Amino acid sequence: MTSTDGVTSANGECPRIIRTLIADDQEGVRRILAAQPDIEVVGEAADGLAALELAAELRPDVALVDIRMPRMDGLELTRRLAGPGVAEPVRVVVLTTFDLDEYVYPALRHGASGFLLKRSGPALLVEAVRAAADGESLISPSVTVRLLRQVTAPRRPEPRSAPVVPLTEREVEIAGHVAAGRTNADIAAELFISPGTVKTHVASVQRKLGVANRVGIAVYAWEMGYPVPQ
């Protein structure tokens, strides 16, 4: 087994390459990502419209999107890249200097796979890109949920309405575990069920809530006041 800067290959092959688009005007972001063996910066844009056009042309695996940009802000760009109804969504990690609830919740509702404060540092930036590129596991305990808790800790938003198709008692329980940052394997061990059963429940919760990924489940669980294990 080989490992390079946290990227592990079980068979000794080169790590996967995560094709990443940067919608941000800070040169430091490119330098950090370009230094990673498994991340390729395929394009850069300083405004939202240019980023949207590049995303359509390049089809990156992950887009890093700044909240404040000219011509189209990061929230609208996120909605167009990853929001409900997008035929071929791009996994988006939102970058911002501002840890404000009015940015966090719309970004995640628009389909963002992560929300990262720029002051979090290079290691967390790289981890966020890798987490977003993990396919089904679009949220990781060490990245998105911890940031969600940190940013939303000062105050809780008003609860949103219940889904049209109500969650079962088990689904509410699983949603709480997702909000706590637990993986499917963690939840399975805790509830004495199989990981496959957990995966089925998670997919059902996503469908009923109309959210794009596990981040959306976590946001909903926090807003509705579901029990979140410590």
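For the structure itself, consult the block above.
This one's a predicted model, so the numbers in the text were calculated from it and none came from an experiment. (Residues numbered from 1 in each chain as written. Predicted model: local features only at pLDDT ≥ 70, side-chain atom pairs only at ≥ 80, totals over all residues. Heavy atoms only, no water.)

A.B. asks: Give me the lowdown on helix α3 (residues 74-82), citing residues and values where you can.
C.D. replies: Taken residue by residue, α3 has Gly-74, Leu-75, Leu-77, Thr-78, Leu-81 and Ala-82 as its buried positions. Projection of α3 onto a plane perpendicular to its axis shows the buried side chains occupying an angular sector of 160°, all on one side. Here α3 starts with a cap whose side-chain oxygen sits 3.2 Å from the backbone nitrogen of Leu-75, and that cap is Asp-73. (Buried < 20%, exposed > 50% of the residue type's maximum accessible area, 1.4 Å probe, protein only. Helix = DSSP H or I, 4+ residues; strand = E, 2+ residues; numbered from the N terminus. Arc of directions from axis to C-beta. Polar contact = N/O pair within 3.5 Å; in protein donor to acceptor, adjacent residues only side chain to side chain.)

A.B. asks: Residues and numbers for the pairing of strand β4 (residues 39-45), please.
C.D. replies: In terms of burial, β4 is largely enclosed, as five of its seven residues are buried. Two elements, strand β3 (residues 18-23) and β4, share six bridges in a ladder whose sense is parallel. Residue pairing for β4: Ile-18 is matched across the bridge by Ile-39. (Pairing = 2+ DSSP bridges.)

A.B. asks: Residue-level account of the sheet that holds strand β5 (residues 62-66), with values.
C.D. replies: Across the sheet, which stays open at both edges, the five strands sit in the order β4-β3-β5-β6-β7 with parallel pairing between neighbours. Looking at which strands have only one partner, the edges of the open sheet turn out to be β4 and β7 (114-117). Each strand axis lies, on average, 25° off the axis of its neighbour in the sheet, ignoring direction. Sheet topology places strand β6 (residues 91-96) next to β7; four bridges connect them, and they run parallel. Residue pairing for β7: Val-94 is matched across the bridge by Phe-115. Here helix α1 (residues 27-34) sits on the sheet and contacts β3, β4, β5 and β6; the angle it forms with β4, its principal contact strand, is near 160°. Running at roughly 160° to β5, α3 makes contact with β3, β5 and β6 of the sheet. (Axes fitted to C-alpha atoms, helices over the stretch in contact; angles between N-to-C directions. Contact = heavy atoms within 4.5 Å.)

A.B. asks: Residue-level account of the layout of surface pockets, with values.
C.D. replies: Here the idea is plain: a probe the size of a water molecule rolls over the atoms and shows the empty space left. Volume-wise, the second largest pocket comes out at about 160 Å³. Looking at the lining of the second largest pocket element by element, the count peaks at three residues for α1. Among the residues forming the lining of the second largest pocket, the class breakdown is seven nonpolar, three polar and one charged. (1 Å grid on protein atoms, 1.4 Å probe; cavity = no way out; pocket = protein on both sides within 12 Å on 5 of 7 lines; lining within 4 Å. Points joined across faces, edges and corners; volume = space filled by probe spheres on them. Nonpolar A, V, L, I, M, F, W, Y, C, P; charged D, E, K, R; others polar.)

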